[in-house]
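Chains, contacts and geometry: an overview
Residues per chain, in single letters:
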Amino acid sequence: MDEQSLQYLTFARRKLHAMAELSGAEYNTSAFIVEELKRFGYKPKTIGTGVYCDVGRGNNRLAFRADIDALPIVEDVAATGMKECAADGVMHACGHDGHTANLLNVARIVGGKSDVPLRFIFQFDEEVAGGSTVMIENGVLDGVAEVYALHLCPELEQGKIGHCYGAMFAGCCEFDIDYSGKAGHCASPELCADAVRAAVGVATEAYKLAGDHKLQLNLGKMTGGYARNIISDNCKQEYTVRFYDQSACESFMIAVERTALSADDAYGTTHKIVTDAVYPPLVNHAIAVDRVRSLMGEKCVAVPPRNTAEDFSNFLENAVGCMVWLGTKAEGHTSPLHSKSFSFDERALLTGTELFIKLIESYKA
């Protein structure tokens, strides 16, 4: 199996890498997945640019999910060693080409026939808007009892599986605050409503509030103003907050709203808070982690949670399952995820295929 798998994993990963597409625009990627699944004997269905297919009869399906989108990063081909890459500044810098190749290889091995009720899910738009929500709302988890996924990890030795009980990834809330005021000369502040000053005050208090609520806050971008001697009538802030306690995040957002209202009273401004995206924490189910450990034995190592976010969290709020890290660290392959030099040896994916096949073989619907 290993030799055939390695040949296919290498082919599929490099094909996907060369056609890397941004979130929500994975048209060629989706078409390639559909054609491969048909070739293996499946009848794939689509939700947006996402794809899924079933094999075996009955409910209580065992599902596997791979994400298919890429990032707006210009690849350092000299560092990655890839002969073909997307030429338009789009790169699979988070390993989604590996995730997708691995799941296609599992589908190839199963071959369109199974006594186990299975579902293979190829999710679009993981990096931006949370395509998992769209696919779940359109029924991709209907009849699913358990769901598993993996994520490449360049900090973990190739051939290892990293497991984490409970929260593996933080929840993420992305929000903007728009401030409106009244512009004027800095020599006459009494005639103005200073949007920038209001924003600075809110930001200072927001960081204190985040600390009180044990959250990780980042003000990543702040824009506003015209010139050094002009009081601005506009300012916009773009925040992200990471959390493991949903109620703490909700309490924090209420406190930020109160702080912004106080700033309006102090500076004569108005404001609007717009939430762009919210991902819950990714919380693995202990029974699923236990299953992975029992199947993979010494290849499994415990890893701590990370403050990055992953929208597989939405799957785990609807079905039992877990995500694991798949080690890719090897000589020449140590660059971090989301970097222009990230790459990996396709042999690392053999462990991912082994895990998924063992989960299928041991599953009792």
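Overview of the structure. In this text, all values refer to a predicted model and were calculated from it rather than measured experimentally. Within each chain, residues carry numbers counting from 1 in the order of the written sequence. Under the rules for a predicted model, residues below a pLDDT of 70 receive no local features and side-chain atom pairs below 80 are neither given nor counted, while totals for whole chains, interfaces and linings still include all residues. Hydrogens are left out, water is left out, and the side-chain values use all remaining heavy atoms of the structure.

1. Some words on the overall build of the protein
In plain terms, the rule: Helix and strand definitions follow DSSP, with helices as H or I runs of at least four residues and strands as E runs of at least two, each counted in order from the N terminus. Three labels apply to residues, based on accessible area from a 1.4 Å probe with only protein chains included: buried if under 20% of the type maximum, exposed if over 50%, partly exposed otherwise in between. In what follows, a contact means two residues having at least one pair of non-hydrogen atoms within 4.5 Å. To be clear on the numbers: accessible area is Shrake-Rupley with a 1.4 Å probe, and residue cover counts the displayed protein chains and nothing else. The positive count covers Lys and Arg only, the negative count covers Asp and Glu only, and His and the chain ends enter neither. The atom standing in for a charge is NZ when the residue is Lys, CZ when it is Arg, CG when it is Asp and CD when it is Glu.
Counting its secondary structure elements, the protein contains 10 helices and 16 strands. For the C-alpha atoms alone, the extent of the protein along its principal axes is close to 75 × 40 × 35 Å. For the protein, the proportion of its 365 residues judged to be buried stands at 53%. A fraction of 80% describes how many contacts in the protein between residues 6 or more apart in sequence connect residues 24 or more apart. If you sum the accessible surface of the protein, you get close to 16,000 Å²; carbon and sulfur atoms cover 49% of it. The centroid of the 34 positive side-chain charges in the protein is displaced by 5 Å from the centroid of its 48 negative side-chain charges.

2. Looking at the nonpolar core
Keep this limit in mind: Residues grouped as a nonpolar core are buried Ala, Val, Leu, Ile, Met, Phe, Trp, Tyr and Cys residues, joined through side-chain atoms within 4.5 Å.
One finds F120 and F122 to be the most contacted residues of the largest nonpolar core, which totals 77 residues. With eight residues, strand β5 (residues 144-157) is the largest single contributor of residues to this core. In contact with F122, not counting residues within four places along its chain, are I33, L37, G50, V51, A66, I68, T100, L103, L104 and M135. A195, L217, C249 and A255 belong to the second largest nonpolar core, which has 27 residues in total.

3. Observations concerning the pairing of strand β16 (residues 320-329)
Rules: Whether two strands pair comes down to DSSP finding at least two bridges between them.
Of all 10 residues making up β16, eight are buried, and the element is well covered by its neighbours. The pairing of β5 with β16 spans nine bridges and is classified as parallel. Paired with A149 across the bridge in β16 is M323.

4. Digging into the pairing of β5
Counting buried residues along β5, 11 of its 14 residues qualify, which places the element largely inside the surrounding structure. As paired strands, strand β3 (residues 61-67) and β5 are joined by four bridges and run parallel to one another. By the bridge assignment for β5, A63 is matched with V147.

5. Focus on the packing of helix α6 (residues 195-212) against helix α7 (residues 246-267)
Rules: The convention used is that axes are lines fitted to C-alpha atoms, helices contributing only their stretch in contact, and that angles between N-to-C directions extend from 0 to 180 degrees. In these notes the angle categories are as follows: under 35 degrees is roughly parallel, over 145 is roughly antiparallel, 65 to 115 is roughly perpendicular, and the rest is oblique. Each helix crossing is assigned a hand: it is left-handed if the near helix lies turned anticlockwise from the far helix by less than a right angle, otherwise right-handed if that turn is clockwise. Only Asp, Glu, Lys and Arg are considered charged, only Ala, Val, Leu, Ile, Met, Phe, Trp, Tyr, Cys and Pro nonpolar, and every remaining residue, Gly among them, polar.
At their nearest, the axes of α6 and α7 sit 9 Å apart, and the two run at 150 degrees to each other. What the angle tells us is that α6 and α7 run roughly antiparallel. Taken as a pair, α6 and α7 cross one another with a handedness that is right-handed. Residue-level inspection shows R197, A198, V202, E205, A206, L209 and A210 of α6 in contact with α7, the latter providing F252, A255, V256, T259, A260, A263 and Y267. Taken together, the residues that form the contact of α6 with α7 break down as 11 nonpolar, one polar and two charged.

6. With respect to the side chain of S232
Quick reminder of the rule: Each polar contact in these results corresponds to two N or O atoms within 3.5 Å; when the atoms are within protein, one needs to be able to donate a hydrogen and the other to accept it, and residues that are neighboring in sequence are counted only if both atoms are side-chain atoms.
Tracing the sequence through the fold places S232 in the loop between β11 (230-231) and β12 (234-243). In this structure S232 comes out as buried when scored by relative accessible area, which is 2%. Looking at S232, its side chain comes within polar contact range of the main-chain oxygen of N234, at 2.7 Å. Excluding residues that lie within four positions of it along the chain, S232 makes contacts with K182, A183, A193, D194, A195, V196, G224, G225 and Y226.

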